[in-house]
Amino acid sequence: LKTEIVGVVGSGLIGRSWAMLFAAAGYQVRIYDTDPSRMCHALEEIKLQLRDLDKRGLLRGELTADEQFSRISTAATLEECVKDSFYIQENVPEDAELKKKVHAELDKYIRSNSILASSTSAILPSIISEGLAHRNRFIVVHPTNPPFYAPMVELCSAPWTDPEVMEITRALMKEIGQQPVTINKETDGFVLNRLQYAILGEGWRLIRDNVISVEDFDIVMKHGLGRRYAFMGPFETAYLNSEGWKVYSERYADMIYRIQRSFGEPEKMVGPTLDKIQGECEKMVPMEKLQDRRQWRDRRLTALAKLINDM
Ligand code: NAD
């Protein structure tokens, strides 16, 4: 068991997940939320989730579910949450002004050697941290949802972040069982969302132009590309498919370039194509069945996590 404390600010979906990940690794966790009822709800949810993970043999770390739960407590004030924490993970809603306000307050209470991390999905680190006295201790630590089953986290420093903050955070993420990647330069959307939007953008154009249905496009991903992407990335895949990247380039570079040039301009996702996609999705999963389908997805993610952990 560790004596170090991690502060978790905001107890929504992502804050809760972080609390569980740090507790599983033996850290003491202090959660703070401006809405006390959300904090109570978060604790109840965490308890249920830990029991459920235990039942399914998926608990992380060496501690029992009850031991992990007992590592997590709530704080009455932001100051109490962060003043003794060596690492603070902020998870308030995705609004730049709100994040700046919360970090300005955090700035007053943190120790000069603590690390101040934000889960932001798309706000650049320099925007959130510019005016902070401790801006050299700030870093974006963007998780994938759900963090328990999709362990990749994007780490992105601001230009003024101490280099050791990146190093310590990378090591901490590995220690709690996540898979950190370093984003070397501030880039809108970091990398995961740029990729996600590239796929959605090309899907949008192909569906708009009647090249493929929504259902079949999703089959291309889940039974085609996705099968191997669950355990091997596209660069290694190409590397293996030919005798290395030089051969891959000799064989395919012209074709890839030709196809890439035909992609077309990005479009805002509104209008008749949107209605078409919504209509086809409703045929696959009626809106009143969304909750059932989410539960089905989480069960499949669990099974996949088990399979990959055993590799
Ligand atoms: P959420 O709405 O579920 O939770 C936000 C919580 O913050 C709420 O409980 C709210 O009461 C609390 N809060 C609001 N103002 C606060 C304040 N001033 N101080 C303390 N707490 C406050 O949101 P979420 O989905 O957990 O997202 C949190 C962050 O994580 C966002 O930046 C989001 O972009 C990022 N993120 C979300 C996902 C996702 O899929 N949900 C994935 C990766 C990253």
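Computed from a prediction, not measured in an experiment: that's the story for all the values here. (Residues numbered from 1 in each chain as written. Predicted model: local features only at pLDDT ≥ 70, side-chain atom pairs only at ≥ 80, totals over all residues. Heavy atoms only, no water.)

### Things to note about the packing of aromatic side chains
Centre-to-centre distance and the angle between the planes together describe a pair of aromatic rings. The test is simple: Ring pairs are drawn from Phe, Tyr and Trp, using the six-membered ring of Trp, whenever the two centres fall within 6.5 Å, and their geometry is named by plane angle: stacked under 30 degrees, edge-to-face over 60, tilted for the rest. We call a residue buried when its accessible area falls under 20% of the maximum for its residue type, exposed when it is over 50%, and partly exposed in between, using a 1.4 Å probe and counting protein chains only. The criterion is that NZ of a Lys, or CZ of an Arg, lies within 6 Å of the ring centre and within 35 degrees of the ring normal, and then a charge sits over that ring.
Evaluated as defined, the whole model comprises nine aromatic pairs. On the basis of an interplanar angle of 75 degrees and a centroid distance of 6.2 Å, the ring pair of Phe22 and Tyr27 is categorised as edge-to-face. No difference in accessibility class separates Phe22 from Tyr27, as the two residues are buried. Cluster of aromatic residues (ring-pair linked, three or more members): Trp18, Phe22, Tyr27, Phe86 and Tyr87. Note that Arg60 overlies the ring of Phe148, its terminal NZ or CZ placed 4.9 Å from the centroid.

### Quick notes on a nonpolar patch on the surface
Just so we agree on the cut-off: The patches reported here contain residues having more than 30% relative accessible area and no salt bridge. Joining distances are 9 Å for like charges and 5 Å for nonpolar side chains (Val, Leu, Ile, Met, Phe, Trp, Tyr). Areas reported as accessible are Shrake-Rupley estimates using a 1.4 Å probe. Residue values count occlusion only from the protein chains shown. A pairing counts as a salt bridge when a side-chain nitrogen of Lys or Arg comes within 4 Å of a carboxyl oxygen of Asp or Glu. For the purposes of this entry, the term helix denotes a DSSP run of H or I that reaches at least four residues, the term strand denotes a run of E that reaches at least two, and both are numbered from the N terminus.
Taken together, Phe231, Leu304, Leu307, Ile308 and Met311 make up a surface patch of nonpolar side chains, about 510 Å² in accessible area. Its place among the elements puts Met311 in the segment after helix H13 (290-309). Met311 sits in the exposed class, given a relative accessible area of 65%.

### Points about the environment of Leu304
On the secondary structure map, Leu304 appears in helix H13. Since its relative accessible area comes to 35%, Leu304 is described here as partly exposed. On a C-alpha basis, the gap between Leu304 and Glu4 in space is 32 Å, while along the polypeptide they are 300 residues apart.

### Focus on unusual backbone geometry
Here the bond from Asn145 into Pro146 is cis, since omega is -5 degrees, no more than 30 degrees from zero. Tracing the backbone through its elements, the reader meets Pro146 in the loop between strand S6 (138-143) and strand S7 (152-157). In this model, Phe190 sits at a positive phi of 50 degrees, which is unusual for a non-glycine residue. When you line up the elements, Phe190 lands in the loop between strand S8 (179-183) and helix H8 (192-208).

### Considering the site of the ligand
As a reminder of what qualifies: If even one non-hydrogen atom of a residue comes within 4 Å of a molecule or strand, that residue is called near it. We call two N or O atoms a polar contact when they sit within 3.5 Å, provided that within protein one can donate a hydrogen and the other can accept it, with sequence-adjacent residues counted only if both atoms are side-chain atoms. Think of a 1 Å grid over the protein atoms and nothing else: a 1.4 Å probe that fits but is trapped marks a cavity, an open set flanked by protein within 12 Å on at least five of seven lines marks a pocket, and residues with an atom within 4 Å of a point count as lining. A pocket or cavity is taken to hold a molecule when more than half of that molecule's atoms are within 2 Å of the pocket's grid points. Charged means Asp, Glu, Lys or Arg here, nonpolar means Ala, Val, Leu, Ile, Met, Phe, Trp, Tyr, Cys or Pro, and polar covers whatever is left, Gly included.
The environment of the ligand is formed by 23 residues, the closest being Ile14, Asp33, Glu94, Lys99 and Ser121. Note that an oxygen atom of the ligand is positioned 3.2 Å from one of the backbone N or O atoms of Leu13. Ser121 places a polar side-chain atom, nitrogen or oxygen, 2.7 Å from an oxygen atom of the ligand. If the ligand stood free it would expose 840 Å²; the protein chains cover 79% of that surface. Its atoms largely coinciding with the cavity grid, the ligand occupies the second largest pocket. Residue assignment for the shell around the ligand shows that the elements contributing at least two residues are helix H1 (13-24), helix H5 (96-109) and S6. The class makeup of the residues in the shell around the ligand is eight nonpolar, 10 polar and five charged.

### Some remarks on the domain arrangement of the protein chain
Note the cut-off: Where a domain begins and ends is set by an automatic assignment or by a domain database. Throughout, the accessible surface (probe 1.4 Å) given up by two parts as they are put together, summed over both, is called the buried area.
Split into domains, the protein chain comes out as domain 1 (5-183) and domain 2 (192-309). For domain 1 and domain 2, the distance between their C-alpha centroids amounts to 30 Å. Here domain 1 and domain 2 share an interface that buries about 690 Å² over both sides, 67% of which is from carbon and sulfur atoms. Looking only at domain 1, the three residues that lose the most surface to domain 2 are Arg56, Leu58 and Tyr149, adding up to 56% of its buried area. Summed over the shared surface of domain 1 and domain 2, the number is zero salt bridges. Between the two partners, domain 1 and domain 2, sit three residue pairs in polar contact (both at pLDDT 80 or more). Classifying every residue of the side of domain 1 that touches domain 2 gives four nonpolar, three polar and two charged.

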